[in-house]
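Below are the chains, spelled out letter by letter.
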There are 2 protein chains.
Amino acid sequence: MNEFEVTVLGCGSATPSLLRNPSAQLLKAAGHFFLIDCGEGTQVQLRKNNIKIQRISHIFISHLHGDHYLGLVGLIQTMHLLGRKNKLTIVGPADLKEIIEIQNKYSETFISFDLEYINTNPKKSEPVWEDEKIQISSFPLRHRIDCTGFLFKEKPHPKSIIKKELEKHRISISEIHKLRLGFDALDENGNRVANEKLTTPGPPQKSYAYCSDTNYFEAIIPFIKKVNLLYHEATFLESELERAKKTHHSTATQAATIAQKAEIKQLLLGHFSARYKHTEPFLLEALPIFENTWIAEEGRSYVVE
Amino acid sequence: MNEFEVTVLGCGSATPSLLRNPSAQLLKAAGHFFLIDCGEGTQVQLRKNNIKIQRISHIFISHLHGDHYLGLVGLIQTMHLLGRKNKLTIVGPADLKEIIEIQNKYSETFISFDLEYINTNPKKSEPVWEDEKIQISSFPLRHRIDCTGFLFKEKPHPKSIIKKELEKHRISISEIHKLRLGFDALDENGNRVANEKLTTPGPPQKSYAYCSDTNYFEAIIPFIKKVNLLYHEATFLESELERAKKTHHSTATQAATIAQKAEIKQLLLGHFSARYKHTEPFLLEALPIFENTWIAEEGRSYVVE
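Calculation criteria
- The residue numbering used here restarts from 1 in each chain and proceeds along that chain's sequence as written.
- To read the labels, note that chains go from A and ligands from 1, taken in the order they are written.
- The predicted nature of this model means local features are confined to residues of pLDDT at least 70 and side-chain atom pairs, given and counted, to a pLDDT of 80 or more, with totals for whole chains, interfaces and linings taken over all residues.
- Helix and strand assignments come from DSSP, with helices taken as H or I runs of at least 4 residues and strands as E runs of at least 2, each series counted from the N terminus.
- Here exposure depends only on C-beta density: within 10 Å of a residue's C-beta, 20 or more other C-beta atoms make it buried, 12 or fewer make it exposed, and intermediate numbers make it partly exposed, the C-beta atoms being placed from the backbone.
- Whether two residues are in contact depends on their C-beta atoms, placed from the backbone: they are in contact if these lie within 7 Å.
- Those domain boundaries reflect an automatic or database domain assignment.
- Any two strands between which DSSP finds at least two bridges are classified as paired.
- For helices, the fitted line uses only the C-alpha atoms of the stretch in contact; every axis is such a line through C-alpha atoms, and the angle between N-to-C directions lies from 0 to 180 degrees.
- Small angles under 35 degrees read as roughly parallel and large ones over 145 as roughly antiparallel, with 65 to 115 read as roughly perpendicular and the rest as oblique.
- By the convention adopted, Pro, Cys, Tyr, Trp, Phe, Met, Ile, Leu, Val and Ala count as nonpolar, Lys, Arg, Asp and Glu as charged, and the other residues, Gly among them, as polar.
- Copy-to-copy superposition: least squares on the C-alpha atoms, limited to residues that have pLDDT of at least 70 in both copies.
- When the strands point away from the viewer and the path from the first strand over the helix to the second turns clockwise, the crossover is right-handed.
- Within a predicted model, pLDDT stands for the predictor's per-residue confidence, ranging from 0 to 100.

Engineer: I'd like a rundown of the overall build of chain A, residues and numbers included.
Structural biologist: The helix and strand inventory of chain A stands at 11 helices and 18 strands. Overall, chain A is about 70 × 55 × 35 Å in size when its C-alpha atoms are taken along their principal axes. Counting the 305 residues in chain A, one finds 47% classified as buried. At a minimum sequence separation of 6, the contacts of chain A that also span at least 24 residues come to 62%.

Engineer: Outline the domain arrangement of chain A, listing residues and values.
Structural biologist: Entries for chain A in the domain assignment read domain 1 (4-157 + 203-303) and domain 2 (160-200). Placing a centre on the C-alpha atoms of domain 1 of chain A and another on those of domain 2 of chain A gives a separation of 42 Å.

Engineer: Which residues make up the sheet that holds strand β3 (residues 32-38) of chain B, and what are the values?
Structural biologist: Residues and elements named next belong to chain B. Read from one edge to the other, the open sheet built from 7 strands follows the order β6-β5-β4-β3-β2-β1-β18, with strand pairing classed as mixed. One side of each edge strand has no neighbouring strand; the edge strands of this open sheet are β6 (115-119) and β18 (301-303). Direction aside, neighbouring strands of the sheet carry axes that sit 20° apart on average. Sheet analysis places strand β2 (residues 24-29) next to β3, joined by 6 bridges and oriented antiparallel. The residue of β3 that forms the bridge with A24 is C38.

Engineer: Hey, could you go over the packing of helix α4 (residues 96-106) of chain A against helix α4 (residues 96-106) of chain B for me, with residue numbers and the actual values?
Structural biologist: For any two helices packed against each other, the geometry is given by the interaxial angle and the distance between the axes. One way to put it is that α4 of chain A packs onto α4 of chain B with a least axis distance of 10 Å and a crossing angle of 170°. With respect to α4 of chain B, the element α4 of chain A is oriented roughly antiparallel. Residues E98, I99, I102, Q103 and Y106 of chain A of α4 of chain A pack against E98, I99, I102, Q103 and Y106 of chain B of α4 of chain B. Of the residues assigned to the contact of α4 of chain A with α4 of chain B, the class counts are 6 nonpolar, 2 polar and 2 charged.

Engineer: Any details on the relation of the copies chain A and chain B? Residues and values, ideally.
Structural biologist: Mapping between the two copies of the chain is achieved by a rotation about an axis and a shift along the axis. Superposing chain A onto chain B takes a rotation of 180° combined with a translation of 0.0 Å along the rotation axis, leaving an RMSD of 0.1 Å. Taken together, these values place the two copies in the relation of a two-fold axis. Among all C-alpha atoms of chain A, that of G41 of chain A lies closest to the rotation axis, at 2.9 Å. Both copies share a contact surface, since 100% of the interface residues of chain A are interface residues in chain B too.

Engineer: With reference to specific residues and values, describe the pairing of strand β16 (residues 266-270) of chain A.
Structural biologist: Residues and elements named next belong to chain A. Burial analysis of β16 places 4 of its 5 residues in the buried class, which makes it a mostly covered element. Of the strand pairs in this sheet, β16 and strand β17 (residues 293-295) are connected by 3 bridges, and their pairing is parallel. Looking at the pairing, L267 lines up with T293 of β17. In this fold, β16 hands off to helix α11 (residues 280-286), which returns the chain to β17; that crossover is right-handed.

Engineer: Residues and numbers for the interface of chain A and chain B, please.
Structural biologist: The interface is formed by 31 residues belonging to chain A together with 31 residues belonging to chain B. Every element with two or more residues in the side of chain A that touches chain B is listed here: α1 (42-48), α3 (72-81) and α4 of chain A.

Engineer: Residues and numbers for the sheet that holds strand β9 (residues 148-154) of chain B, please.
Structural biologist: All names here are of chain B. The strand order β7-β8-β9-β14-β15-β16-β17 describes an open sheet built from 7 strands, whose pairing is mixed. In this open sheet, the two edge strands, each paired with only one partner strand, are β7 (126-130) and β17 (293-295). Strand-to-strand twist of the sheet, defined as the mean angle between neighbouring strand axes without regard to direction, takes the value 20°. Looking at chain direction, β7 and strand β8 (residues 134-140) are connected through 4 bridges and run antiparallel. Pairing of E126 across the sheet is with S138, part of β8.

Engineer: So what's going on with unusual backbone geometry? Which residues, and what values?
Structural biologist: Residues and elements named next belong to chain A. At D213, a residue that is not glycine, the phi angle is positive and equals roughly 20°. For D213, the position within the fold is in the loop between β14 (207-211) and α8 (221-224). C-beta crowding within 10 Å serves as the criterion here: with 27 such atoms nearby, D213 is assigned to the buried category.

Engineer: Give me the lowdown on helix α3 (residues 72-81) of chain B, citing residues and values where you can.
Structural biologist: Each turn of an α-helix holds 3.6 residues, which means side chains three or four residues apart point in the same direction. All names here are of chain B. Most of α3 is tucked away: 8 of the 10 residues are buried. Along α3, the residues that are buried comprise L72, V73, G74, L75, I76, Q77, T78 and M79. Immediately downstream of α3, the backbone of G83 shows phi near 85°, a positive value.

Engineer: Can you explain the environment of I161 of chain A? Please cite residues and give values.
Structural biologist: Residue and element names in this part refer to chain A. Looking at the secondary structure, you find I161 in strand β10 (residues 160-161). Through-space distance from the C-alpha of I161 to that of R180 is 6.9 Å; in sequence the pair is 19 residues apart. Non-local contacts of I161, meaning those with residues more than four positions away in its chain, are made with L166, I176, L179, R180, L198 and T199.

Engineer: Report on helix α10 (residues 252-261) of chain A, specifying residues and quantitative values.
Structural biologist: Residues and elements named next belong to chain A. Extensive coverage of α10 is indicated by the burial of 7 of its 10 residues. Residues of α10 that are buried: A252, T253, Q254, A255, A256, I258 and A259. Among the structural elements, α8, β15 (229-233), β16, α11 and β17 are those in contact with the buried residues of α10. Looking one or two residues beyond α10, the residue adopting positive phi is E263, at roughly 55°.

Engineer: Could you give me a rundown of the confidence of the model for chain A, with the residues and numbers involved?
Structural biologist: The predicted model of chain A averages 96 in pLDDT, with 99% of residues at 70 or higher. The ipTM assigned to the predicted complex is 0.92, against a pTM of 0.93.

Engineer: Can you lay out the pairing of strand β1 (residues 4-10) of chain B for me, pointing to particular residues and giving the numbers?
Structural biologist: Each regular strand carries side chains that alternate between the two faces of the sheet. All names here are of chain B. Burial analysis of β1 places 6 of its 7 residues in the buried class, which makes it a mostly covered element. In terms of strand pairing, β1 meets β2 through 6 bridges, oriented antiparallel. Pairing of G10 across the sheet is with A24, part of β2. One ladder, built from 3 bridges, connects β1 with β18; its direction is antiparallel. Opposite E5, over in β18, you have V303 as the bridge partner.

Right, here's the structure in full:
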């Protein structure tokens, strides 16, 4: 299984509405369920999309504006009420811990599982978590309060062995593990055989960058360079550029410009202001600048091929 | 206008689900919009029911379990984002202030209106707010954590003047105000004329009692005696009596028994456990004990006649 897929649970901004939910996404990658942001109502959105909440291992929170985290305490308490045993890791601003713990304290909720907190650094990019298959880092965005984006990047996949060449060069099976990791092998006489002769490259590494709430901010480009899929907020159309600047948000034009400059493969726009009933104008605005643009729709899944 | 009407916004328990929202009700009474409890998703429920959120003047929170208050911070922040100027009064447990303020602090939300906090007393019944038309008090329930019910009771309505009798007894117009309040009048010669001769009673005082999350608890009966409408939680059916006791909740049988003993006029059951897809069994269980029973349905309004 090499699933790498983002399901949009909420693509609205500022306040929940009848039209859109506040920010939340589920990323399935490297065998994990990663929840990214968790606005009010995310629990119900998870259920609507048949996502098993106990499968979520990590929750990433970009910043402490309510539309990005107010569903978190309820989700944690629901996980507890439903008898969760597995550890849950929360990656986000340092102050989040206090917000969660004070509410668990006053409700006398003694969480049935380990809650691990990993603090993001709002000043510089840092790795926040990794296992053998994926590495995740945060990087600063530019918003009214401290806010970070997240980069999810698969580690190199094991190389594929060319069986025929293995036999031809008389390489024993015990060498395969080294070969898959990219090292050279020794034949039965102890002679070194170059990895490239015996293997083909594994599947390409997939990557996803999540950039919630930010001004147009070229400093993020090195962190998101050439990612397979970039989610970038587009709260406004370019006709509301002044409002975008003032509220520390981006326009569709700006998001597409970042995508183009970062040479990413596919762009996903979201965090639409409630003033816009329809999202086609975001697509029309972005396309001339960056062709591979998708518009976030709640309940839709975006597969990174 | 003499509106006195409860709209149920959420009648589920514990966690939000696709079936039911967590607790929230809007009471229109004495010209006010009172929100009672505010579980996650209440904002959207208010919108779905076309209730203008800025008309809400007071929010009453029974206790600090998430399904009764987790929608509150988001609602306050939405009121702020939409430019509210009018004061909002929060009536609830003392610790609620810290929960709200810490989240406004970390989101750097400087609320645009006055937020007034009135603490409920979990140990004894106390008046919490009143104006010339209505008096509201809290009273202790018996739950796993401190929890109060609320009683909303209209003050006596002004009496109606019998014009014919006014003329007959030669009472001047300046006496009308006193008469409407129930005092006797003086005729043009300075002789006292009994109020009863000159007036008929005003409309009866309406009352609503809200009893969220509680064990079967007869101590509440004096506070809710003879109310027009009693909302009482019925999380379980009697077949789950042991579970009800253990989780500090009530069964439909117990709620109906309280209604019957308190001689109230109309009972409204809610806070149904997610284990029950259908609510008819709650009605069937309550009816033999208390005939005038309604089952809470989200979006339905219950008028106190």
